[in-house]
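# Results of the structural survey
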Amino acid sequence: MRFHTAFIATSLAFTGLDAFTPMTGRPSAALRTPTALQMADSDTVTLGIFGGGTVGGGIVDIISKKESYFQALTGKHIKVRKVCVRDANKPRDFDLPDGCSIVTSYDEILDDDEIDVAVEVMGGTTDAKDVVVSALQKGKSVVTANKALIAKDLPEIEKLLGSLKNGVEFRYEAAVCGGIPIIRSMQSDFVGDNVNFMSGIINGCTNFMLTAMDRDKKSYDEALDQASKLGYAEADPTLDVGGFDARSKLKILMRLAYGMNVDENEISCRGITELTKIDFEYAKMLGGTIKLLGVAEKNEKGEVSAFVSPCYVTNDDPLSSVNGATNAIEVVSDNLVSSIFIGQGAGRYPTANSCINDIVALAKGDKNPLPFNPSSESKFVNNYSSVFFLRLNYRDKVGITRQVGEVCEKHNVSIHSILQNPVAKTQDAAFAIVTEKVEYASLLKVLADIEALDWCKGKPFYMPVLRENWQS
């Protein structure tokens, strides 16, 4: 049985990493004596953990509780040797196991030849990247929950892994949707299949907020305040509410499903900041609700399109009933037809559980020489077709619907229906349009022309309708 050295770096709580002692010059992998291959016969897997915060503490807790079970399962004793933190004097909410020490320098772990295995969840893309690269070069396998790092530097990480001959492994189950085992499933359960479509609620903070806005009739600001108090939203919630966190996860899933590396900035990304109570009222009139989704689809030409956006979802859709901070992903494929994964997308133990699963897999000697699946020649196209929902705020004027119809006709966009609730306040006057299926590029032209009309107040709001057969 072969076992790869690795190194555990974990703490979702870290946002400022300069409090750690920075890494000094690194010896090359060739200078490191104990390699992953040489340590395969050891009866102990020794971990180094970066971060004694939320997830780091969860990993230590799980290992302590399941120590004897893991030993029976893997034939290895899994041991935490060091935990690297910013402040060694800060009280911890977990008990350090025997023989484990708190350190404040990255080098205390990276240069420790006794440390075998690795999980990085510091967050960020600077220090975390240095840690991951150095650990791999030194023969330590890496387990990480850092979706931002993977999404940003996936090609570089893949190239590094291909160049190393020291038997290291790179595991990242916790990077996408926390406790849902979607990464491993994409690596193993769909290898004989063809994925045609993916859609998912892949950010817990925004799903919590949208549930509050829909079910509890809260405003955007009220929902965000509640999410912040419960710890679902960061002090700066931009990555969540702007859709960027979901976009990073979607990029990783696209690589696994379609074998393509897409620049994140090429993926259309819209968050939930423009949503209002009025949008939920119209969604209810149509028989559905609104969810922030990451969507990717392969067309009949083999081209792949993707976007992150609020979407109208009918009440009978499986994603419509996924509420609160829960995540869900649907994968539509040739062989399995529709597979839905639902679970906790964040939090101490869901995320730590995925890290533990990767650690145990390494301890068992599992191999995955291509952690991102084989690459392909699939082409990404920054356009897609959908039915769209539009909300237009207006100043009262004769001929509004006529002008809207003329603009849509100009760009070959067919209108399916027009909706308008009674106007309670003049300043909130708005009506909604549902189009027939149309290309996104054509819709943007319609929106630009409508915004230029003198009765239009502000930018029109739009969102895709998730299913083409949304009326059935």
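Residues numbered from 1 in each chain as written. Predicted model: local features only at pLDDT ≥ 70, side-chain atom pairs only at ≥ 80, totals over all residues. Heavy atoms only, no water.

## Here's the deal with the packing of aromatic side chains
Note the threshold: Working definition: rings of Phe, Tyr and Trp (its six-membered ring) pair if their centres are within 6.5 Å, and the pair is stacked with planes under 30 degrees apart, edge-to-face with planes over 60 apart, and tilted otherwise. Numbering of helices and strands runs from the N terminus; a helix is a DSSP stretch of H or I covering at least four residues, while a strand is a stretch of E covering at least two. The cut-offs for exposure are 20% and 50% of the maximum accessible area for each residue type, with area from a 1.4 Å probe on protein chains only; residues under the lower value are buried, those over the upper are exposed, and the others partly exposed. A ring is scored as having a charge over it whenever the NZ atom of a lysine or the CZ atom of an arginine sits within 6 Å of its centre and within 35 degrees of its normal.
Within this structure, the stated rule accounts for 15 aromatic pairs. Centre to centre, the rings of Tyr 440 and Tyr 462 are 6.1 Å apart; their planes meet at 40°, and the pair counts as tilted. Residue Tyr 440 is located in helix α13 (residues 440-451), and its partner Tyr 462 is located in strand β18 (residues 461-465); the two are separated by 22 residues in the primary sequence. Considered together, Tyr 440 and Tyr 462 belong to a single accessibility category, that of buried residues. Grouping aromatic residues by their ring pairs yields a cluster made of Phe 307, Tyr 384, Phe 388, Tyr 440 and Tyr 462. For Lys 66, the ring lying beneath its charged end belongs to Tyr 69, and the centroid distance is 4.4 Å. Above the ring of Tyr 462, the side-chain terminus of Arg 270 is found at 3.7 Å from the ring centroid.

## Digging into helix α3 (residues 127-137)
When we look at burial in α3, the residues that qualify are Ala 128, Lys 129, Val 131, Val 132, Ser 134, Ala 135 and Leu 136. One or two steps after α3, the chain reaches Gly 139, where phi turns positive at roughly 85°.

## Remarks on the nonpolar core
Under the convention used in this document: We define the nonpolar core as a collection of buried residues of types Ala, Val, Leu, Ile, Met, Phe, Trp, Tyr and Cys that are connected through side-chain atoms lying within 4.5 Å of one another. Only heavy atoms enter the contact rule, under which two residues are in contact if any of them lie within 4.5 Å.
Judged by nonpolar contacts, the single largest core of 88 residues is most densely connected at Phe 170, Ile 182, Met 186, Met 198 and Met 254. Top element by residues in this core is helix α9 (residues 244-258). It accounts for eight residues. Look past the residues within four positions of Met 186 in its chain and what remains in contact with it is Val 195, Met 198, Leu 253, Leu 256, Ala 257, Val 331 and Asn 373.

## Some details on helix α7 (residues 220-229)
Which entries qualify depends on this criterion: As used here, the arc is the angular range of directions from the helix axis to the C-beta atoms.
Among the residues making up α7, those that are buried are Tyr 220, Ala 223, Leu 224 and Ala 227. Looking straight down α7, one finds its buried side chains confined to an arc of 100°; they lie on one side. Structural note: α7 exposes Asp 221 and Lys 229 on the side pointing more than 90 degrees away from its buried face. Packing partners of the buried residues in α7 comprise α6 (204-215) and α8 (238-241). Positioned one or two residues after α7, Gly 231 has a phi angle of 85°, which is positive.

## Examining the environment of Leu 390
With respect to the helices, strands and loops of the structure, Leu 390 is situated in strand β14 (residues 385-393). Residue classification places Leu 390 among the buried residues on the basis of a relative accessible area of 1%. Along the sequence, Leu 390 and Ala 363 sit 27 residues apart, while their C-alpha atoms lie 52 Å from each other. If we ignore the near neighbours within four places in the chain, the residues touching Leu 390 are Phe 431, Ala 432, Ile 433, Thr 435, Leu 443, Leu 447, Phe 461 and Tyr 462.

## Some details on the side chain of Thr 144
Spelled out, the test is: Within 3.5 Å is the distance limit for a polar contact, defined as a pair of N or O atoms, with the added protein rule that one can donate a hydrogen and the other accept it, and that residues adjacent in sequence qualify only through two side-chain atoms.
Note that Thr 144 resides in strand β6 (residues 140-144). Engagement of the side chain of Thr 144 in a polar contact is seen with the backbone oxygen of Glu 120, the distance being 2.5 Å.

## Here we look at unusual backbone geometry
Despite not being glycine, Val 337 has its phi angle at roughly 65°, a positive value. Along the chain, the position of Val 337 falls in strand β13 (residues 337-344). Phi at Asn 373 takes a positive value of approximately 70°, unusual for a residue other than glycine. Mapped onto the secondary structure, Asn 373 falls in the loop between α11 (348-363) and β14. Asn 373 sits in the buried class, given a relative accessible area of 11%.

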